[in-house]
Amino acid sequence: MKKIENVRVRIAPSPTGFLHVGTARAALYNWIFARKHNGSFILRVEDTDLKRSSKEMIESILEGLRWLGLDWDEGPFFQSERLAIYRQYTERLLKDGKAYYCYCTPQELAERRESAKSEKRDVKYDRRCLGLIDNERKRFESENRGRALRFFIPEGETAFQDIIHGEIKKKNRDIEDFVIMKSDGTPTYNLAVVVDDHEMAVTHTIRGDDHISNTMKQVLLYNALSISAPRFAHLPLILGKDRSKLSKRHGAVSVSQYRDEGFLSDAMFNFLALLGWNPGDNREIMSREEILEQFSLERVSKTSAVFDQQKLEWMNGEYISKMDNEDVLKAVIPLLKGEGWIDEGAIEQKRTFLLHLVAALKPRMRKLTDFVKYSVYFFKDVDAYEPKGVKKHFAEKTLVLLEALIEKLEELTDFSKEHLEHVLREFAEKRNVKPAQVIHPVRLAVSGMTVGPGIFDILEILGKECVINRLTKAIKYIKVL
Ligand code: GLU
């Protein structure tokens, strides 16, 4: 791979929401690109929309990035603290006649847009305030109208070379004189991003391709300011499995929610990396190192990526299955504490039991929270049975079987899973039933569920007394069915 010198990239989240999947994927590609070329990864918070930005969102975004292991080298910089810098640039554009004040009110603009639409005319800004004469300006000012600064779009065509999409161009007449500074003096996104990418010496702007139309405007600004633009790479959109825009319907949309639901940072990293990029073979489980080694912007796909929640769960399960039992235990203890099933003081004493449980449940876990879901009956008594299981496995004839089984179990001194398996199979054979005819009702009786880890693991972990109590309880339940 050819190393590119002095790579400087950035992620520029707007703290008007949580760190969503699209921003996280963009952050990840930028981070990988920076690390691969020994460059710098900059964090810039685009918080000029102070009304919609909040401290909690900023904190949550930073936390999401940290959780994914995307450490930044510079920043966080806050656009809200850089207003004077943007002003220098807007003043320059104004002085050079490349921007002009617009006094049109939002209401007037909306009305004109509506009538243009209904008359099938061009809806872009009609340049009413371009070349206002002094009297008109004075009148507007005396009316206390706010004034926004608009950028004047010159004639011609604008083009840029995208690393992923190749050349992208647009006729300037299809771009309106957009606002670069709002009437409250704050810059708009397009102006601030150009100033910041330039001031921060960003070499590659890597972001979602929903920004392509903004990039056109930004290229025009770079040209008007006679500063050079970074290279651009626009990442494909992320869609839900039904190919609609990713939304809550498809699962979580914020990265922290995935963390809270029990996804692992490494699995999430791996999954996000493959949203729009692949190593060129069919490898799916890849470590950070492998991804770093293989990644290139040229291999990023032009077409949309599909966010497949099931694939993420599968991948997470693969990562969990490779974890040490000790590490899984460490990760699930806060969840167990959260449920009130265990407290700090009891952890050491229950360590063997807990590790045993981890070993039994780990192969079935796709999320850390599955541990809670699958282990409830190891911490609490069973007080309900899955109805479909009751129908299938709690028949009258099972009563006799369970009663006989209790007698058998009472005799046992060895309650290890190996011995239990042997005992149960022998028991089934003697009574001329299939082992499954014993195992299913027993599973339902001791766990309340029809599926779970190996039954002999369950029995061994629960222990003799508990198993016999639960079988007795189930018998009572069946009797009154
Ligand atoms: N604040 C913008 C966003 O979150 C940044 C886009 C960009 O990277 O320029 O979409």
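What you see is a predicted model, and the numbers here were worked out from it, not measured in a lab.

**Things to note about helix α21 (residues 464-479)**
Here α21 is 16 residues long and its end C-alpha atoms lie 23 Å apart, about the 22 Å a rise of 1.5 Å per residue gives. Turning to α21, the residues buried within the fold contact α15 (370-379), α17 (396-411), α19 (435-447) and α20 (455-462).

**Some details on unusual backbone geometry**
The linkage connecting glycine 75 with the following residue, proline 76, adopts the cis geometry, with an omega of 5°. Take proline 76: it is sitting in strand β3 (residues 74-78).

**Re the sheet that holds strand β5 (residues 148-151)**
Here three strands make up an open sheet; going across it, the order is β4-β5-β8 and the pairing antiparallel. Edge strands, defined here as strands with exactly one partner in the open sheet, are β4 (99-102) and β8 (179-181). Looking at each pair of strands side by side, their axes are set apart by 45° on average, direction ignored. The pairing of β4 with β5 spans four bridges and is classified as antiparallel. Each residue of the ladder has a partner; that of tyrosine 100, found in β5, is arginine 150.

**Looking at the pattern of salt bridges**
Scanning the model with the defined rule gives 39 salt bridges in all. The residue lysine 311 makes a salt bridge to glutamate 284 at a minimum N-O spacing of 2.8 Å. Pair noted here: lysine 311 is in helix α11 (residues 309-321) and glutamate 284 is in the loop between α9 (265-273) and α10 (288-294), with a separation of 27 residues, a long-range link. What makes lysine 311 partly exposed here is its relative accessible area of 26%. Where arginine 425 meets glutamate 421, a salt bridge forms, and the shortest distance between an N and an O atom there is 3.0 Å. Of this pair, arginine 425 and glutamate 421 both sit in helix α18 (residues 417-430), four residues apart, which is roughly one turn of that helix. On the basis of relative accessible area, glutamate 421 is assigned to the partly exposed category, the value being 31%.

**Regarding the side chain of arginine 44**
Assignment of secondary structure puts arginine 44 in strand β2 (residues 40-45). Beyond its immediate chain neighbours, meaning those up to four positions away, arginine 44 contacts Arg10, Ile11, Ala12, Pro13, Phe77, Gln79, Val193, Asp196, Asp197 and Met200.

**Regarding the packing of α17 against α21**
Two elements in contact, α17 and α21, have axes whose closest approach is 10 Å; the angle formed by their N-to-C orientations is 160°. Regarding the angle of α17 to α21, the classification is roughly antiparallel. Relative to α21, α17 is oriented so that their crossing is left-handed. Between α17 and α21, the contacting residues are Thr398, Leu399, Leu402, Glu403, Leu405, Ile406, Leu409, Glu410 and Glu411 on the first element and Lys464, Val467, Ile468, Leu471, Thr472, Ile475, Ile478 and Lys479 on the second. In the contact of α17 with α21, the residues fall into ten nonpolar, two polar and five charged.

**Details of the pairing of strand β6 (residues 157-162)**
Alternating positions in β6 separate cleanly, Thr158, Phe160 and Asp162 being buried on one face and Glu157, Ala159 and Gln161 remaining unburied on the opposite face. Alignment of β6 against strand β7 (residues 166-171), held across six bridges, turns out to be antiparallel. In the strand pairing of β7, glutamine 161 is matched with glutamate 167.

Reading the values: the criteria
- Residues numbered from 1 in each chain as written.
- Predicted model: local features only at pLDDT ≥ 70, side-chain atom pairs only at ≥ 80, totals over all residues.
- Heavy atoms only, no water.
- Helix = DSSP H or I, 4+ residues; strand = E, 2+ residues; numbered from the N terminus.
- Expected span 1.5 Å × (residues − 1).
- Contact = heavy atoms within 4.5 Å.
- Pairing = 2+ DSSP bridges.
- Axes fitted to C-alpha atoms, helices over the stretch in contact; angles between N-to-C directions.
- Salt bridge = Lys/Arg side-chain N within 4 Å of Asp/Glu carboxyl O.
- Buried < 20%, exposed > 50% of the residue type's maximum accessible area, 1.4 Å probe, protein only.
- Parallel < 35°, antiparallel > 145°, perpendicular 65-115°, else oblique.
- Left-handed = near helix turned anticlockwise from the far one by under 90°.
- Nonpolar A, V, L, I, M, F, W, Y, C, P; charged D, E, K, R; others polar.

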